[in-house]
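As a plain string of letters, each chain reads:
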Amino acid sequence: MAEKVLEIRDLHVTFDTPSGPLEAVRGVDLDVSAGELLGVVGESGSGKSVSFLATMGLLPARARVTGSVLLAGEQLIGASAKQMRSVRGRLLSMIFQDPLSALNPVHRIGDQISEMLRSHQNLSARDADKRAVELLDIVGIPQPGDRARQYPHEFSGGMRQRVVIAIAIANNPKVLIADEPTTALDVTVQAQILEVIERVQERFGTAVVLITHDLGVIARVADRVNVMYAGRNVEQGTIESLFDHPSHPYTRGLLASLPRPGKQRLKPITGFPPNMLNPPSGCAFHTRCEYAADICKGEMPPLVGFGDLQTACVRAKELPKSESFV
Amino acid sequence: MFRYILRRVAWSIPTLLIVTFLVYLALRIGTDPVASYKRINPRASRAKIAEYIDVNGLDPNFVQGYFKWLKNFVTGEWPRSIKGRREVWPALKDAMANTLRLGSAATVVGIFFGLIAGVLAALRPGGKRDVFINTSAFVGISIPPFISAIMFQLLFAVYWQKWFGESLFPTSGVYPAGHTGFDLFLMLKFMALPTLVVAIQIIATYSRYMRSSLLDVLNSDYMRTARSKGISERRVLIKHGMRNALIPVVTIAALDVGSIVGGLIITENIFSYPGMGLYFLKSFGEGDFPLLMPWMVVIVASVLFFNLIADISYAWLDPRIRLE
Amino acid sequence: MSKQESTVLSPRQMAFRRFVSHKAAVASCIIIGLLTLFIVLAPLTARYGVNESVQAPPNSFLTPRAKSWLGTDDIGRDLYSRLIYGVRVSLLIGLASAIISVTLGALVGAVAGFRGGKFDDIMMRVTDLFLAFPFLVTLLVVRNVLGALPWLRPITGDMSSVRFIIVLFGLFGWMGVARIVRGQVLSLKEREFVEAARAVGASRRYIITRHLLPNSVGPIMVALTFSVVGAIIGESTLAFFGYGPQAGDGATSLGILVGAAKGAVQTGYWWLAVFPCLVLIVIALSINFIGDALRDATDPRLDRGV
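Source: prediction; values computed, not measured. (Residues numbered from 1 in each chain as written. Chains lettered and ligands numbered in written order. Predicted model: local features only at pLDDT ≥ 70, side-chain atom pairs only at ≥ 80, totals over all residues. Heavy atoms only, no water.)

Undergrad: Break down the side chain of C:Ser216 for me, citing the residues and quoting the values.
TA: All names here are of chain C. Counting through the fold element by element, Ser216 comes out in the loop between helix H12 (204-212) and helix H13 (217-240). Given a relative accessible area of 0%, Ser216 falls into the buried group. Excluding its chain neighbours within four sequence positions, the residues that come into contact with Ser216 are Gln184, Val185 and Leu188. (Helix = DSSP H or I, 4+ residues; strand = E, 2+ residues; numbered from the N terminus. Buried < 20%, exposed > 50% of the residue type's maximum accessible area, 1.4 Å probe, protein only. Contact = heavy atoms within 4.5 Å.)

Undergrad: Hey, could you go over the sheet that holds strand S2 (residues 20-33) of chain A for me, with residue numbers and the actual values?
TA: Residue and element names in this part refer to chain A. Pairing in this open sheet of four strands is antiparallel, and the strands run S2-S1-S4-S5 from one edge to the other. Both outer strands of the open sheet, S2 and strand S5 (74-75), are each paired with one neighbouring strand and no more. Taken together, the eleven bridges between strand S1 (residues 4-17) and S2 define a ladder with antiparallel strand orientation. Following the sheet pairing, Phe15 is matched in S2 by Leu22. Contacts from helix H1 (residues 48-56) reach S1, S2 and strand S4 (63-71) within the one sheet, and its direction differs from that of S1 by about 105 degrees. (Pairing = 2+ DSSP bridges. Axes fitted to C-alpha atoms, helices over the stretch in contact; angles between N-to-C directions.)

Undergrad: Quick rundown of the packing of aromatic side chains? Include the residues and the values.
TA: Across all of its chains, the model carries 31 aromatic pairs over all chains by this definition. Aromatic pair C:Trp270 and C:Trp271: ring centres 5.8 Å apart, planes at 85 degrees, arrangement edge-to-face. Its relative accessible area of 3% is what places C:Trp271 among the buried residues. A ring pair is formed by C:Trp270 and C:Phe275, whose centres lie 5.8 Å apart and whose planes are at 55 degrees; its orientation type is tilted. On the accessibility criterion, C:Trp270 (32% relative accessible area) is partly exposed. In this structure an aromatic cluster arises from ring pairing among B:Phe21, B:Tyr24, B:Tyr66, B:Phe67, B:Trp69, B:Phe73, B:Trp78, B:Trp89 and B:Phe289. Taking NZ or CZ as reference, C:Arg115 lies 5.6 Å from the ring centre of C:Phe119, over its face. (Phe/Tyr/Trp six-rings, centres within 6.5 Å; stacked < 30°, edge-to-face > 60°. Lys NZ or Arg CZ within 6 Å of the ring centre and 35° of its normal.)

Undergrad: Can you break down the layout of surface pockets residue by residue, with the values?
TA: Residues and elements named next belong to chain B. For the second largest pocket, the calculated volume is near 890 Å³. Lining of the second largest pocket is provided by 31 residues; of these, Gly103, Thr107, Val257, Ile260 and Phe306 occupy positions nearest its centre. Secondary-structure elements contributing two or more residues to the lining of the second largest pocket are helix H5 (88-123), helix H10 (233-270), helix H11 (276-286) and helix H12 (289-317). Per-element accounting of the lining of the second largest pocket gives the leading share, eleven residues, to H10. (1 Å grid on protein atoms, 1.4 Å probe; cavity = no way out; pocket = protein on both sides within 12 Å on 5 of 7 lines; lining within 4 Å. Points joined across faces, edges and corners; volume = space filled by probe spheres on them.)

Undergrad: Can you lay out the packing of helix H2 (residues 11-21) of chain C against helix H3 (residues 23-40) of chain C for me, pointing to particular residues and giving the numbers?
TA: Residue and element names in this part refer to chain C. Put simply, H2 and H3 touch, their axes get as near as 5 Å, and they point 85 degrees apart. Here H3 runs roughly perpendicular to H2, going by the angle between their axes. Between H2 and H3, the contacting residues are Phe19, Val20 and Ser21 on the first element and Lys23, Ala25, Val26 and Cys29 on the second. For the contact of H2 with H3, the residue count by class is five nonpolar, one polar and one charged. (Parallel < 35°, antiparallel > 145°, perpendicular 65-115°, else oblique. Nonpolar A, V, L, I, M, F, W, Y, C, P; charged D, E, K, R; others polar.)

Undergrad: Please give an account of the interface of chain B and chain C that cites residues and values.
TA: In this assembly, 52 residues from chain B lie in contact with 45 residues from chain C. The interface formed by chain B and chain C contains one salt bridge. For B:Arg208, the salt bridge identified is with C:Asp292, shortest N-O distance 4.0 Å. At the junction of chain B and chain C, the tally comes to two residue pairs in polar contact (both at pLDDT 80 or more). Looking at the side of chain B that touches chain C, the elements with two or more residues in it are helix H1 (2-31), helix H6 (128-142), helix H7 (145-164), helix H8 (184-218), H10, H11 and H12 of chain B. When residues of the side of chain B that touches chain C are assigned to their parent elements, the largest contribution, ten residues, is made by H10(B). (Salt bridge = Lys/Arg side-chain N within 4 Å of Asp/Glu carboxyl O. Polar contact = N/O pair within 3.5 Å; in protein donor to acceptor, adjacent residues only side chain to side chain.)

Undergrad: Give a description of the sheet that holds strand S12 (residues 309-311) of chain A that names residues and reports values.
TA: Residues and elements named next belong to chain A. Strand order in the open sheet made by the eight strands is S6-S7-S8-S3-S9-S10-S12-S11, with mixed pairing throughout. Each having just a single partner strand, strand S6 (92-95) and strand S11 (304-306) make up the two edges of the open sheet. Pairwise comparison of adjacent strand axes, ignoring direction, gives a mean angle of 20 degrees for this sheet. As paired elements, strand S3 (residues 37-41) and strand S8 (residues 207-212) share five bridges and run parallel to each other. Bridge pairing in S8 links Val40 to Ile211. Against the sheet, helix H7 (residues 157-168) makes contact with S6 and strand S7 (175-179), and its axis sits at roughly 175 degrees relative to S6, the strand it touches most. Across the sheet, helix H11 (residues 249-256) is in contact with strand S9 (224-229) and strand S10 (232-238); its angle to S9 comes to roughly 105 degrees.

Undergrad: Which residues make up the environment of A:Ile218, and what values do they have?
TA: Of note, A:Ile218 is situated in helix H9 (residues 215-221). Between the C-alpha atoms of A:Ile218 and A:Leu37, which are 181 residues apart in sequence, the distance is 9.4 Å.

Undergrad: Describe in detail the environment of B:Asn219, supporting the description with residues and values.
TA: In this structure, B:Asn219 sits in the loop between H8 and helix H9 (221-228). Residue classification places B:Asn219 among the exposed residues on the basis of a relative accessible area of 58%.

Undergrad: Account for the pairing of S10(A), with residues named and values stated.
TA: Residues and elements named next belong to chain A. The element S10 is largely enclosed, with a buried count of six among its seven residues. As judged from the six bridges shared by S9 and S10, these two strands associate in the antiparallel manner. Paired with Val227 across the two strands is Glu235, which belongs to S10. Taken together, S9 and the strand that follows it, S10, pair antiparallel across an intervening segment of two residues, in which Ala230 is found at a positive phi of about 50 degrees. Relative to S12, S10 runs antiparallel, the two sharing two bridges. The residue bridging Glu235 from the neighbouring strand is Thr311, located in S12.

Undergrad: Provide a residue-level description of helix H10 (residues 174-189) of chain C, including the pertinent values.
TA: For H10(C), with 16 residues, the first-to-last C-alpha span of 21 Å sits near the 22 Å given by 1.5 Å per residue. The inward-facing, buried residues of H10(C) contact helix H5 (79-115), helix H6 (117-132), helix H9 (162-172), helix H11 (192-199), H12 and H13 of chain C. (Expected span 1.5 Å × (residues − 1).)

Undergrad: For empty space enclosed by the protein, give the residues involved together with the corresponding values.
TA: Residues and elements named next belong to chain A. Evaluated as defined, the whole model comprises four cavities of 30 Å³ or more. Considered as a void within the structure, the largest cavity measures approximately 90 Å³ in volume. The residue inventory of the lining of the largest cavity, partitioned by class, reads ten nonpolar, two polar and one charged. Considered as a void within the structure, the second largest cavity measures approximately 70 Å³ in volume. Lining of the second largest cavity is provided by Arg26, Tyr229, Arg232, Asn233, Val234, Gly282, Cys283, Ala284, Pro301 and Ala312. Here the lining of the second largest cavity gets three residues from one element, more than from any other, and that element is S10. Its residues placed into classes, the lining of the second largest cavity shows six nonpolar, two polar and two charged.

Undergrad: Please set out the packing of H10(B) against H6(C) residue by residue, giving values where relevant.
TA: The geometry of H10(B) relative to H6(C) is characterised by a closest axis approach of 7 Å and an angle of 45 degrees between their N-to-C directions. In terms of axis orientation, H10(B) runs oblique to H6(C). On H6(C), the residues touching B:Ala254, B:Leu255, B:Val257 and B:Gly258 of H10(B) are C:Asp128, C:Leu131 and C:Ala132. Grouping the amino acids of the contact of H10(B) with H6(C) by side-chain chemistry returns five nonpolar, one polar and one charged.

Undergrad: Quick rundown of the domain arrangement of chain A? Include the residues and the values.
TA: All names here are of chain A. Domain annotation for chain A reports domain 1 (4-222) and domain 2 (228-311). Taken residue by residue, the interface counts 26 residues in domain 1 and 20 residues in domain 2. With a shortest N-O distance of 3.2 Å, Arg288 and Glu43 are connected by a salt bridge. Counting across the interface, domain 1 meets domain 2 through seven residue pairs in polar contact (both at pLDDT 80 or more). (Domains from an automatic or database assignment.)

Undergrad: Outline unusual backbone geometry, listing residues and values.
TA: All names here are of chain A. The backbone of Ala230 shows a phi angle near 50 degrees, a positive value even though the residue is not glycine. Here Ala230 is to be found in the loop between S9 and S10. Under the relative-accessibility criterion, Ala230 is labelled buried at 4%.

Undergrad: Which residues make up H2(C), and what values do they have?
TA: Residues lying three or four places apart along an α-helix face the same way, a consequence of the helix completing one turn every 3.6 residues. Residue and element names in this part refer to chain C. All of the buried residues in H2 are Ala15, Arg18 and Phe19. Burial along H2 is one-sided: seen end-on, the buried residues are contained in an arc of 100 degrees. Facing away from the buried side of H2 by over 90 degrees, the exposed positions are Phe16 and Arg17. Contacts made by the buried residues of H2 are with H3 and helix H16 (270-298). (Arc of directions from axis to C-beta.)

Undergrad: For the pattern of salt bridges, give the residues involved together with the corresponding values.
TA: All names here are of chain A. Scanning all chains against the criterion turns up 27 salt bridges over all chains. One salt bridge connects Arg224 with Glu36, and the closest N-O pair in it is separated by 2.9 Å. Within this pair, whereas Arg224 is found in strand S9, its partner Glu36 is found in the loop between S2 and S3, the two being separated by 188 residues in sequence. Across the pair, exposure class does not vary: Arg224 and Glu36 are buried alike.

The following block contains the structure:
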């Protein structure tokens, strides 16, 4: 296996809300290897975005973050603001969900890219502008020279997302975090954006973390998958094994609720995501799990190797074997 | 951009005509210029009255009268005031100069400190500093200018004199009685209190605008993008935050000219400061139509002018407007 | 599970919570409540009548003392008692004119926002112009015009009457309200429930009265509070410059009392300036705070943890 560029250990994020402390992330462990494309999947509120915003150091000050995040051996939790600034945009960069609002409406596209370049590289303004045009070309924007002088409102949603990607890869980061990069886009545009991300990953050897709630997206591009539920990871493994024999009941439920050709009815997961102000005891999924037993309400199950998957379910061994979703 | 400005300028000319017509109507109905002329000049001959009606465009037909007035106004044949038959232009010019001085001093001071206070408040919403600035701004907008004017006069002049033998600031006029020539220091001393009264209003209003506008911006996605670039917080705030935050502030500013001038009128009156406000209240009280109409034109024109400035700076700040 | 449910609040409950968390607004509510109680019980709370002297002459310009807590005016009347009667008139002016202007403004704003097109353009241009004009100038000119139209006399009453002031501010204040309601309607118009109502063929009037206005209650309430302050301050400004209601029949208003402050500067009778001004500031500040908290409470978008 390739070297690990990002190692997250026992990450906790707590927000103080008017209704009391809300623990959005409750002990996440996660590794990203160089050059791989890791999919992180979960419902909204499962803590997947928050985990990586914490990694970027972009959470508001009222969020309390503990645990360990090592980026190429460098500890990011508790790092100074200056240290984080030097990491952000250089080693670690991020693509956001809504390309319509992610770009500053009053600055030219080219300037927004060269700002990223010049904040970490010693480039002249002219060289930065030239490089910005190249980057626009890389992400597949036609006539990049002219487009660089335009403003965000002159770009379509898909084109803007390409610009956001160009900004994110400007300094050739080690890890690129893509937070629901296709959710706000049309289906046809989604495929194009995924292609751009894959191309970037292959061309520059960037490790990509693709956060999404859409298993279809994961299935298309990810090497490995990490499933999150209620602020914890419940299962992880390679894309093949996870789709072939998911062992955590939540993963099974997710896969069973996917529409597939030839399948008669979808089988949704019953119930609602837990209230994170007051999460269920033990395995948080037990309130919705068809295999739940008393033991599930006891302690939070850790991730345990189970075949070629890692699964956080105490009953994983006893459960009937799942159908394959390949 | 150039065409945008041109279109705006072209728009303001018909607006100016329509509004001055409305003002003409309102003054004729509201003040009855002929009656006030007869009241002030009870022994005026019939011929004098007819001449007064003619030169002011006070025909019974409002539309005809307006155009007559307009023609005289544009060709520079301005009628003299009904009281004392003074020439209007010199009086208006002096009043404009004085008000411009007071107004721009107050506006510069007010906007400068208002924006700074707003930014300081927005940077830590809910913090002690924010609560302090926000509450002070609230107190500021809740105190009508005539009250703060009176309180300042009581404190810095009347009671200062009682306690320390000499008042800190003078409370009326531009110069002491009998003073001639230009004296910057003396002028500033006379301007201090009225400037402060108007500036407090502006600071209070603008700090609130700036705070809420900047808060909106700070929570926006592109600020997060900017932070994710690893640039300094200062640069994030100034380059990405301020320009966006100023866009709505500029729009509101155009609508605010009226309340600033309104505050000036009140303040000038209380401090007997010989500007546009004092001019207006005096001539309005006497129903002096020949003095009032040019004053109104100046006010309407400057309201339109500031609107234009706001539109232009709005377009300059926001590329989305520019290309429309 | 029960705890989980208790944290789910209806929008109204959440609005109430947000309002209550605005401490200054809660204090303001108490102040305005006490004030209202005071003026409603005026015959009991006031120590003297409006035009009653504190004692036989010499009684003018007495400094505050046991017999007259806040001092007396030029003809020996008790300032404290007169303030109670004055606030009564001023609050009446504020409330009555605010109701008129909010009703007018909400209707005009809703129709303008809903219909759009020419009507909207013209309405907004007119309100912009009015708002951009120095308010005191407009107020004085409009006041004279209203007073000069004889056919309005039955509605407005005499130019120096309280009724005239109420009508004046009622007609004057609708423009700001219209802008606010128009903005709200414009954004509501695109929402699904309005589209749905339109799709099933609901009439314009039905949509405006059943969907748009009820959903604009928050902004309208906010506009109402600011109109009240506007009218109270406006009345005292007019009175200060001698264009307010006249103190006929022994009536008084906050404006008339504040107007007397002008003279106090030269004479040094400070209590005549300080107390009426203070009362005016406290009222304006309290109502402004209430309006601000209402805005925060009814507009979840503005949830900024303050």
